[in-house]
Amino acid sequence: MSPRTSRPRRARLALLTSGTASLALLATACGGSGGGTSAAPKEFSYLSVTENTTVKTGLTTLSTGACKSANDALPLKVETVPQASLDQKLQLLAGQNALPVQFAAGNAPALTQQLAKSGKVADLEAKLKELGVYDQLQPAAVSTIKALYGGKLEVLPYEYNIEGIFYNKKLFQDSGLKVPGTWGELVSAAAKLETKGVQPFSASGQQGWPLTRMISGYLYRSLGPDALQKVADGKAKLTDPQYVKAAEEVAALGKKGYFGKGVGSIDYDTAMNQFLTGKAAMFYMGSWALANIADAKQNKVGAENVGFMPFPAVAGGKGSIDQYPSNVGLGITLNAKSFDKKTGDWVTCIAKNYGSTALKDHGSISGFKVNTKVEDANAVTTQVRDTISTSKRNVLWFEALFSTKATTVSQTNAASLVNGSMSPEQFMRTVQDALAAQ
């Protein structure tokens, strides 16, 4: 998928958190043994989703460039299916012992984990270390993958995004503001912007997740990086006072009007436009927005006037300001049964060259290191890349470990939380009840 298009990417990230279709069927089809031995592959077959053109384009570029020798020995062949059909397709191929050499890993980690238990997913950490290219992965990307996949490296980070707050440097300067380092400073900055007639935050209440990610940001800073894992493990509940506190703080921003009018009807593109046209000073978003920021047709404030800051610290909190919410888009994995020397040559070349190719040709950031000098589109892209390269421990997002039902409940009620039609206690209770029902 082109990094210039945001809507399919958002759909993909939403699907990443959703539940998969019948895993029981897959377990029956795969069995516990992995189902026989595959013959050596004749092609570097790659199954992706129709909506994602970024990885396919990157691999195609490598096949005629840096990875030409690997491609000559094992030609790249790409097949795509609609993302909504991916899980069903993978289950069918797994049952037939016919998975391709490389494939999109399913719309949620649970499917990949089931495939791995059935012996159909390569142990990528072991393979990359055998090939001598494990060090070509960004540590932060590895941390994110392991957090999603039960402590194992089961996918490759062809895409890598971190989240934080983009801000308008000129509006900050005109209001005499410095970059907030704490939540209290952020709230104070919002208040000052409001008095200057500037909308402090742009956010999509229609999508909901840009608001719930602020809740998880507060939770991670106040309670530490395991805050939502404890909820998933049943060791804590969203209705516990310290969890409700996070919802209260975000609701307070809405009560003060800091998200502007009618936030519940604002969609993603409108929220992006509000920020890029200078109508709002801050925008909580992921680094995929760098493509929009670099587009002069969209960005009327100028890329030079956009900065990026981490979610601020919470006084007395257990979290660290350098722990960024992150994701790897739609993960890509490899078939354990067809991982031979020729496949290894492809993977070695990808690990060494994909990061540079993606950044240079497509302006997208991956979880692979960039080994050749690539001039960034602007200073904020450099800032984000530097942040990724130095980050060691990242966190997930509010719904990352939720069921499909709880994710939907959370995101559809987020606007009600910030417009005051639902109390923080009601919001967290509603989401917790959905979690309990999974």
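For the structure itself, consult the block above.
Note that the structure is a prediction, hence the values are computed from the model and not measured.

Novice: Quick question: what am I supposed to make of helix H7 (residues 124-131) here?
Specialist: One turn of an α-helix holds 3.6 residues; hence residues three or four places apart share an orientation. Of all the positions in H7, only Leu-124, Glu-125 and Leu-128 are classed as buried. When H7 is viewed along its axis, its buried side chains cluster within an angular range of 100° and face the same direction. Each element contacted by the buried residues of H7 is listed here: helix H8 (139-148), strand S9 (332-334) and helix H16 (341-362). Just downstream of H7 lies Gly-132, where phi reads positive at about 75°.

Novice: I tried to follow the packing of aromatic side chains on my own but got confused; where do I start?
Specialist: When we look at a pair of aromatic rings, we describe it by the centre distance and by the angle of the planes. Considering all chains together, one arrives at 15 aromatic pairs under this definition. On the numbers, 6.4 Å between centres and 75° between planes, the contact of Tyr-284 with Phe-311 is edge-to-face. With a gap of 27 residues between them, Tyr-284 in strand S6 (residues 280-286) and Phe-311 in the loop between strand S7 (306-309) and strand S8 (326-327) connect regions that are remote in the sequence. Chaining the aromatic ring pairs together yields one cluster made of Trp-183, Tyr-218, Tyr-284 and Phe-311.

Novice: Any chance you could explain the pattern of salt bridges here in plain terms?
Specialist: Opposite charge on two side chains makes pairing possible when the charged atoms of those side chains draw close. What the rule picks out here adds up to 12 salt bridges. Note that Asp-72 is salt-bridged to Lys-68, the shortest N-O span being 3.1 Å. Residue Asp-72 and its partner Lys-68 are both found in helix H4 (residues 68-73); the two are separated by four residues, about one turn of the helix. With relative accessibility at 51%, the residue Asp-72 sits in the exposed group. Take Lys-68: its relative accessible area is 43%, and that puts it in the partly exposed class. Its salt-bridge partner being Lys-230, residue Asp-226 comes within 3.9 Å of it at the nearest N-O pair. Residue Asp-226 is classed as partly exposed on the basis of its relative accessible area, which comes to 33%. In the salt-bridge network here, residues are joined through shared partners; they are Glu-125, Lys-129 and Lys-146.

Novice: In this structure, what is going on with the state of the cysteines? I would like to understand it.
Specialist: Formally, a disulfide is one covalent bond, and it connects the sulfur atom of one cysteine to the sulfur atom of another. Inspection of the entire model under this criterion finds one disulfide. In this model, Cys-67 is linked to Cys-349 through a disulfide, with the two sulfur atoms separated by 2.0 Å. The chirality of the disulfide connecting Cys-67 with Cys-349 is left-handed, given an S-S dihedral of about -100°. Residue Cys-67 is located in the loop between helix H3 (54-63) and H4, and its partner Cys-349 is located in helix H16; the two are separated by 282 residues in the primary sequence.

Novice: Looking at this model, I keep getting lost on the pairing of strand S1 (residues 44-49). Mind explaining?
Specialist: Consecutive side chains along a regular strand alternate between the two faces of the sheet. Of all six residues in S1, six are buried, a share of seventy percent or more. The alternating pattern of S1 places Phe-44, Tyr-46 and Ser-48 and Ser-45, Leu-47 and Val-49 on opposite faces, both of which are buried. Sheet analysis places S1 next to strand S2 (residues 76-81), joined by six bridges and oriented parallel. Note on S2: the bridge partner recorded for Ser-45 is Lys-77. Pairing geometry for S1 and strand S3 (residues 102-104), over two bridges, is parallel. Looking at the pairing, Tyr-46 lines up with Gln-102 of S3.

Novice: Explain the side chain of Asp-376 here, please?
Specialist: By the element assignment, Asp-376 lies in the loop between H16 and helix H17 (379-390). Assessed through its relative accessible area of 16%, Asp-376 is described here as buried. Of note is the side chain of Asp-376, whose polar atom sits 2.8 Å from the side chain of Arg-385. Excluding residues that lie within four positions of it along the chain, Asp-376 makes contacts with Leu-359, Thr-381, Thr-382 and Arg-385.

Calculation rules
Numbering of residues starts from 1 in each chain and follows the order in which that chain's sequence is written. Restriction of local features to residues with pLDDT of at least 70 applies here, the model being predicted, together with a cutoff of 80 or more for giving and counting side-chain atom pairs; totals for whole chains, interfaces and linings are based on all residues. Side-chain measures here rest on the full set of heavy atoms in the structure, leaving out hydrogens and waters. In this scheme, a residue with accessible area under 20% of its type's maximum is buried, one over 50% is exposed, and one in between is partly exposed, where area comes from a 1.4 Å probe on protein chains only. Where helices and strands are cited, they refer to DSSP runs of H or I of at least four residues and of E of at least two residues respectively, numbered from the N terminus. This arc is taken over the directions from the axis of the helix to the C-beta atoms. Should any heavy atoms of two residues lie within 4.5 Å, those residues are counted as being in contact. Note on aromatic contacts: the rings of Phe and Tyr and the six-membered ring of Trp form a pair at centre separations within 6.5 Å, being stacked when their planes are under 30 degrees apart, edge-to-face when over 60 apart, and tilted otherwise. Here a salt bridge means any side-chain nitrogen of Lys or Arg lying within 4 Å of a carboxyl oxygen belonging to Asp or Glu. Throughout, disulfides are identified as pairs of cysteine sulfur atoms within 2.5 Å of each other. At least two DSSP bridges between two strands are required for those strands to pair. By the criterion applied in these results, polar contacts are pairs of N or O atoms within 3.5 Å in which, for protein atoms, one can donate a hydrogen and the other can accept it, and in which residues neighboring in sequence qualify only through two side-chain atoms.

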